[in-house]
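# Notes for the structure review
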Amino acid sequence: MPSTHDWINDPLGVVEGMFAASQSSQSSGWEKKAVEFFKEQLKEKEAQTLVPSLNDVPLHYLKPDSLVKFRCLVQDMFDPEFFMGVYETVDPATQARTLRCGKYKDVTESGVDVNSRSTVTAERQTFYCVPIPGENHNQGRVVPSTSYVPSRQKRSYEEDEEMEVQPQKQKETHAASLNAADPHGNGDCKRQETEAPSGQAASASHLDLNFPLPGEKGPSCLVKVYEDWERFKLNDTLQVYGVLSVSPAFSALADEKDSFLDPVGMESAAEQRVHSPPASLVPRLHLLHAERLEHNNPLLPGAALQENSTFLSSALGEMAAVRAELLSYFTHVLLGDALAAEFLLLHLLSSVYSRRDVLPLGKFTLNLSGCPTGAAYTQRLYQIIQQLVPSSFYLPMSLQNMNQIRLVPRKDYVANRLVSGALQLASSTSLFLDETQMEPGQLDPTGVRNVTALGNLITWQKVDYDFNFHQMEFPCNINVLIASEGRSLLPSDCHIHLQPQVAPPHLEEYLSSIHVHPQASSQLNKFRVFLSLARLLDYNISDEVTKAVEDDFVDMRKDDPQSISADDLHRMLVVARLLSLSLGQTSLSRDVWLRSKHIETLRRSRMEQHKSVNGNEP
């Protein structure tokens, strides 16, 4: 049995050993045994932490042909490719022939007999994978650093957070702002990458890494998949374990016009650049094992919650108390408005849990109107939300942005790739739309398409990718929060007008007092766990409570049939579901239903009052 050092540092040696053993014993199924071996080793949490991460460790510190992991989103799927699954080498001195395994590598050894009858051609699929878009590095993840020492031991999340207050010797390149109207930079907590060697940096500037969001940094990867690739879909978020390949020979071949990579010249120059980029910039990862991620919060167990009963029972016991603290915090953030804080909390817990025909169930897009335009309030609000969720993106809806930014991915048939757009996001990403940045002007055709795409995303939780001659629907699960002065021009599931309790002259001073400090990491971690955990809990409604809800609905319509519609009932049921989950309850109780009705009644009453005062606003 290979040691831990062997299967992490030399996985190809393990594979070659199993291949050689199968040749001598004439046994079959060695490929499955090899995959099962690595899968079995990676079952243990401790073993997973020993595998270096391409997200956290600079590429030039990683050993070629070693086992690494990569937390990523499948951004594109290329056409299948053929490779030599088995080939024969000839020793030039002794003329001895040896069968070799061609899996999990890009370049063969010297002395290959290309005319050998023993050669076996096999097929593999290639995925273009990028780091999870908008991933926030404030939840206990390691931020890549030039001071990284490969042999250092990993610290716990708590120790990392405590060390944040001490001086750090790091060289960081900050993500560029989306535009001048985006002063928060969208990068204080975002992915930060170490400085690459100057030659690599120069080459990278000429290579479009196709990140969905502007200003993103980090490695992208060509992931080679050898079996069951049909189980993966575009936009899946994965934790990939595979053999790292950064062969300089492969990069050199990619630069040659007449290389054997495309002997008949079927690929255009643009397609070769996309499909065969330098391995030093876009490394290859030969997949041995992959796990689909239910979430990307490192503070939660990676496995299903039901499998970690100790963590689940402990977290559920604290949820009501943490909820009260978070509600108080949001009330402070929303200028003393407790009702708006309640709906913001519920919004952050929402998730599409099912689809009925084309209708997504569970979404809860919130339009928070009445936001102050001074003191950069919306940017500060986004920064606070950014501190609490694993992935997020801030989109100021200025006229320039809407007319210029590419929101919808499109197919480039010349380069044979899917050109990413800002709406190619991972499941459960928080999208913050800032309408307070709007100004008078006219949308051009691109701007109209972008606004339409945002409306479809909110209403149907889908994005129509542009394939030139047709559009293809891709379902998504994105939390959309719209901050506006008046009612948003976009649709929403819930609209609440902010009623600040703080006088505008004191707004800037008040906002500075709610700035999130690193020292509060322990409290923030509780909030982060709370928000992620509540989204993952199962939920049901008993027959008894269902009957009580139906009776309530009938009674409400008796007095005034126009007072409540089927849409209102649907919204109250969504609110009741989110309220139950926020209290750590996985089934709806009569008390929670009455409480849901109460806060929804307060919201509707506020909106009626606001409408009567501002009659020109719908």
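All values reported here derive from a predicted model rather than from experimental measurement. (Residues numbered from 1 in each chain as written. Predicted model: local features only at pLDDT ≥ 70, side-chain atom pairs only at ≥ 80, totals over all residues. Heavy atoms only, no water.)

## Regarding the packing of aromatic side chains
Counted by the stated rule, this structure contains 14 aromatic pairs. Their ring planes at 40° and their centres at 6.2 Å tell us that Tyr 413 and Phe 469 sit as a pair that is tilted. Residue Tyr 413 is located in the loop between strand 12 (410–412) and strand 13 (417–419), and its partner Phe 469 is located in the loop between strand 15 (462–466) and strand 16 (471–475); the two are separated by 56 residues in the primary sequence. For Tyr 413, a relative accessible area of 40% translates into the label partly exposed. By relative accessible area, which is 76% here, Phe 469 ends up exposed. (Phe/Tyr/Trp six-rings, centres within 6.5 Å; stacked < 30°, edge-to-face > 60°. Helix = DSSP H or I, 4+ residues; strand = E, 2+ residues; numbered from the N terminus. Buried < 20%, exposed > 50% of the residue type's maximum accessible area, 1.4 Å probe, protein only.)

## Topic: a nonpolar patch on the surface
A contiguous nonpolar surface patch, about 280 Å² in accessible area, is contributed by Val 358, Leu 359 and Trp 460. With respect to the helices, strands and loops of the structure, Trp 460 is situated in helix 13 (residues 445–460). (Patch = residues over 30% accessible without salt bridge, like charges linked within 9 Å, V, L, I, M, F, W, Y side chains within 5 Å. Areas by Shrake-Rupley, 256 points an atom, 1.4 Å probe, with all protein chains shown as cover. Salt bridge = Lys/Arg side-chain N within 4 Å of Asp/Glu carboxyl O.)

## A word on the confidence of the model for the chain
Residues with a pLDDT of 70 or more make up 82% of the chain, whose mean pLDDT is 84. Scored below 50 in pLDDT, residues 143–205 shows 121 contacts in the model against residues more than four places distant or in partner chains. (pLDDT = per-residue confidence, 0-100. Contact = heavy atoms within 4.5 Å.)

## Digging into helix 11 (residues 377–386)
Among the 10 residues of helix 11, nine are classified as buried, and the element is accordingly described as predominantly covered. Every buried residue of helix 11 is listed here: Tyr 377, Thr 378, Gln 379, Leu 381, Tyr 382, Gln 383, Ile 384, Ile 385 and Gln 386.

## Quick look at the environment of Pro 283
Of note, Pro 283 is situated in the loop between helix 8 (269–275) and strand 7 (284–292). Residue classification places Pro 283 among the buried positions, given a relative accessible area of 1%. Distance in space between the C-alpha atoms of Pro 283 and Val 246 is 5.3 Å, their sequence separation being 37 residues. Setting aside its immediate chain neighbours within four residues, Pro 283 contacts Leu 54, Leu 59, Ser 220, Cys 221, Leu 222, Leu 244, Ser 245 and Val 246.

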